[in-house]
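These are the residues of each chain, in order.
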Amino acid sequence: MAKENTGVKAKKIKLDASDMIVRGFAYVFITLFAVLCLFPFLLIVATSFTSEASIMKYGFQIWPREFSLYAYQLIFKTPMVMIKTYGLTIGLTVTGTVIGLFIVAMTGYALQRPDFPFRNGISFYIYFTTLFSGGLVPFYLLVVKYLHLKDSYFAILLPLLMSPWLIILMKNFVKGIPFEITESGKIDGANDFKIFTSLILPMMTPGLATIGLFIALGYWNEWYYSSLFLSSKVDIRPLQYQLYRIINEVNSLKNSVAGANVVVTDLPDESLKMATAVLATGPIIFLYPSVQKYFISGITVGAVKG
Amino acid sequence: MAKKMTATAPVVQRSVKKLSTWQMMKQYKILLLMCLPAIVFFFIFSYIPLPGVYIAFTNFKYNLGIWHSQFVGFKNFEFLFRTGEIWKLTRNTVLYNLAFILLGNLLQIFIAILLNEIMSYGFKKITQSMMFLPHFISDVLVGLLVYNLFNADYGFINSVIRSFGGEGMNVYSNPNAWPWLLPLINLWKSTGYGSVVYFAAICGIDSEIVEAAKVDGANAFQKIRYIILPQLKGTVIILLLFAVGGILKGNFGMFYNIIGKNSVLYDTTDIIETFVYRSLMTNFNFQNASAVGLYQSIFGFVIVMLCNKIVKKIDPDYSLF
């Protein structure tokens with residue numbers, strides 16, 4: 001939209017010096033800031049391809065002085081661990097996103113129906129949980145002591161399914177669909193659930209894509225619930241938690257590759273951390289450009305109005 | 001009633017009001033059922049834990065459970081206040097959040113205004129992608145990126161300093177560095193994402209106003225000063241107030257993954273949520289974790305209510321309820 005506006009303006013009115021200054025500054029500053037945002041990522045990728053000896057000698061460099069694939073070779077020496085880790089992460093992400101998205105969409109639709117007399121009550125019931133919570137300890141005890149989910153992947157799958165914020169965001173998206181659609185479904189004799197699944201859901205693509213992306217990101221980037229609920233008894237961990245463990249406990253890493261006949265003291269700790277980070281983040285970064293527009297629409301739709 | 005085609009929403013509502021709650025529940029049972037999974041979810045994960053705040057008033061023993069542990073009144077709170085722990089946590093949490101909110105919004109507005117000056121669609125798209133990236137990644141990776149840059153022995157920044165003959169620094173043993181570094185890291189992480197809201201607000205400004213100003217001879221600085229900034233004022237105030245509402249909620253993931261269990265830095269970096277997490281997971285001190293958690297919940301609640309009241313005064317449309 002801005003592009004159009006300014007395009008028109010540029011045609012009609014000649015640019016004066018102040019425009020050129022501001023514009024020139026904009027290009028320079030935005031370029032610098034964007035590069036600054038990207039730089040740490042490049043640094044990680046570069047380090048993951050650097051030999052450990054070179055890191056010890058010269059530190060982390062933006063361009064590998066001594067190129068090495070050793071860290072990756074080491075990880076793929078026991079490919080099953082990596083495959084299972086990916087499998088678990090993808091499995092959790094897909095399952096959680098499908099279930100969570102369906103529930104969020106269904107709830108969002110019901111709560112924005114202007115004729116639904118309980119919509120305000122239920123909305124407040126959901127919203128209240130963001131205002132006041134019991135805190136971490138009761139939640140932890142609930143999951144561990146009463147739901148008995150310690151060391152269970154359900155302790156990760158369940159809490160990330162939905163959040164009040166996502167339901168409110170979905171409500172705002174569904175509001176864009178005219179009420180007449182629901183009414184026309186009613187005239188045809190369809191019940192509310194049928195109206196939702198066959199009439200509304202197909203029209204919700206932008207909302208579904210945006211909120212699906214947020215839920216999926218939550219699962220992909222999950223390390224928090226894993227750190228709370230998965231003890232070291234669990235061998236296969238979600239990717240980011242695996243990365244967390246490798247960073248924080250080099251020992252756990254040494255154990256995990258010890259089977260690969262590597263002298264443990266020779267382990268390239270630093271480059272191995274970076275290689276794991278690249279493998280854990282790579283897929284989502286490649287996916288990122290294609291989902292970026294949904295990301296933006298999510299921020300703008302959910303921006304101010306809570 | 002439902003059969004009547006022309007029935008508009010308000011009419012339906014009015015006719016419904018005559019029914020008893022039970023009748024309404026029957027009439028809308030399918031919509032209610034559609035809400036049921038979410039209702040159950042929040043009941044289990046948010047409402048059932050609520051009575052658990054009682055732990056804050058006990059000398060909690062895991063094997064005795066919540067209700068059989070000894071009741072000690074406000075003793076846990078007394079301890080936290082007497083040791084000064086809670087003041088330190090509150091100070092750190094509030095000051096960091098204030099810095100994040102103020103600096104963050106300033107830079108976001110600045111970036112949004114500059115983005116608006118950029119004509120090339122491709123350039124805008126690519127740079128925006130790059131600026132978004134930090135928001136897209138896990139906090140674990142953020143911690144690693146920071147380590148990669150600032151590590152004393154191998155960190156990139158020290159490498160550069162040393163290559164110019166300077167002396168490397170070790171920020172991981174210097175608590176005074178973090179009140180500067182953490183806001184910078186937060187800016188890096190959240191500016192691109194946050195600027196989108198302001199950018200959308202700027203795009204929403206009527207282009208005729210801008211053109212008229214141009215015809216009247218306003219230069220680019222005047223355009224920004226007298227048209228764009230005043231138009232953003234409403235958005236800024238609302239966003240700031242909402243942010244302030246969450247001022248006791250920390251950025252746990254970022255802090256914990258950068259600082260972790262490095263106790264040398266706690267004085268300047270420990271926030272409420274890192275303390276709660278550590279008390280629970282490292283020290284198994286359930287009652288202290290619970291007491292601090294309850295303190296955070298209650299004060300957080302009061303602050304949100306106050307902010308909402310102010311928002312309501314400024315613009316009722318934007319208030320939460």
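Residues numbered from 1 in each chain as written. Chains lettered and ligands numbered in written order. Predicted model: local features only at pLDDT ≥ 70, side-chain atom pairs only at ≥ 80, totals over all residues.

Novice: Give me the overall build of chain B: which residues, what numbers.
Specialist: A tally of regular secondary structure across chain B gives 15 helices and two strands. Radius of gyration (C-alpha) of chain B: 26 Å, far over the 20 Å computed for a compact globule of 321 residues. Across its three principal directions, the C-alpha atoms of chain B cover 85 × 75 × 30 Å. Burial statistics for chain B: of 321 residues in total, 40% are counted as buried. (Helix = DSSP H or I, 4+ residues; strand = E, 2+ residues; numbered from the N terminus. Rg over C-alpha atoms; globule rule 2.2 N^0.38 Å. Buried ≥ 20, exposed ≤ 12 C-beta atoms within 10 Å, placed from the backbone.)

Novice: Which residues make up the overall build of chain A, and what values do they have?
Specialist: From N to C terminus, chain A includes 16 helices and zero strands. Here chain A holds 306 residues, and the buried ones make up 41% of them. The long-range fraction of contacts in chain A, counting pairs at least 24 apart against all pairs at least 6 apart in sequence, stands at 71%. (Contact = placed C-beta atoms within 7 Å.)

Novice: Could you give an account of the interface of chain A and chain B, with specific residues and numbers?
Specialist: Between chain A and chain B, the residue contacts involve 98 residues of the former and 94 residues of the latter. Per-element accounting of the side of chain A that touches chain B gives the leading share, 18 residues, to helix α2 (residues 17-48) of chain A. Per-class residue counts for the side of chain A that touches chain B are 65 nonpolar, 20 polar and 13 charged. (Nonpolar A, V, L, I, M, F, W, Y, C, P; charged D, E, K, R; others polar.)

Novice: Describe the domain arrangement of chain A, and please don't skip the residues or the numbers.
Specialist: Residues and elements named next belong to chain A. By domain assignment, chain A separates into domain 1 (2-69) and domain 2 (71-302). Among the secondary structure elements, those contributing two or more residues to the side of domain 1 that touches domain 2 are α2 and α3 (52-58). Counting residues per element, the side of domain 1 that touches domain 2 draws most heavily on α2, which supplies four residues. Residue composition of the side of domain 1 that touches domain 2, by class: four nonpolar, three polar and one charged. (Domains from an automatic or database assignment.)

Novice: Could you give an account of the domain arrangement of chain B, naming the residues involved and the relevant values?
Specialist: Domains assigned within chain B are domain 1 (1-48) and domain 2 (76-318). Each of domain 1 of chain B and domain 2 of chain B has a C-alpha centre, and these two points are 40 Å apart.

Novice: How would you summarise the packing of helix α10 (residues 179-187) of chain A against helix α11 (residues 192-200) of chain A if you had to cite specific residues and measurements?
Specialist: Residue and element names in this part refer to chain A. Close contact between α10 and α11 brings their axes to 10 Å; oriented N to C, the two are set at 120°. The angle between α10 and α11 falls in the class oblique. In the crossing of α10 with α11, the sense of the turn from one axis to the other is right-handed. In this structure, α10 uses I181, T182, G185 and K186 to contact α11, whose residues at the interface are I195, L199 and I200. Taken together, the residues of the contact of α10 with α11 break down into four nonpolar, two polar and one charged. (Axes fitted to C-alpha atoms, helices over the stretch in contact; angles between N-to-C directions. Parallel < 35°, antiparallel > 145°, perpendicular 65-115°, else oblique. Left-handed = near helix turned anticlockwise from the far one by under 90°.)

Novice: I'd love a proper account of the nonpolar core, names of residues and values included.
Specialist: Counting residues in each nonpolar core, the largest one holds 152 residues, and the members touching the most others are A:V104, A:L166, A:M170 and B:V292. The biggest single contributor to this core is helix α9 (residues 178-203) of chain B, with 12 residues. In contact with A:V104, not counting residues within four places along its chain, are A:M162, A:L166, A:I167, A:M170 and A:I211. (Core = buried A, V, L, I, M, F, W, Y, C linked by C-beta atoms within 7 Å.)

Novice: Explain the confidence of the model for chain A to me, using residue names and the numbers behind them.
Specialist: All names here are of chain A. On average, residues of chain A score 85 in pLDDT, and 87% of them are at 70 or above. The least confident element of chain A, judged by mean pLDDT, is helix α1 (residues 2-12) at 45; the most confident is helix α8 (residues 154-157) at 96. Predicted confidence is poor over residues 251-255, with pLDDT under 50, and the contacts of this stretch with residues over four places away or in other chains come to six contacts. (pLDDT = per-residue confidence, 0-100.)

Novice: Got a sec to walk through the confidence of the model for chain B? Specific residues and values, please.
Specialist: In low-pLDDT segments, the atomic positions of the prediction should not be examined closely. Residue and element names in this part refer to chain B. When pLDDT is averaged along chain B, the result is 87; 94% of the residues meet or exceed 70. Across chain B, the element-wise mean pLDDT spans from 50 in helix α1 (residues 9-16) up to 96 in helix α3 (residues 29-47). Long-range and interchain partners of residues 1-11, a stretch whose pLDDT sits below 50, account for nine contacts in this model, where long-range means more than four residues apart. Interface confidence for the predicted complex, given as ipTM, is 0.87, next to a pTM of 0.87.

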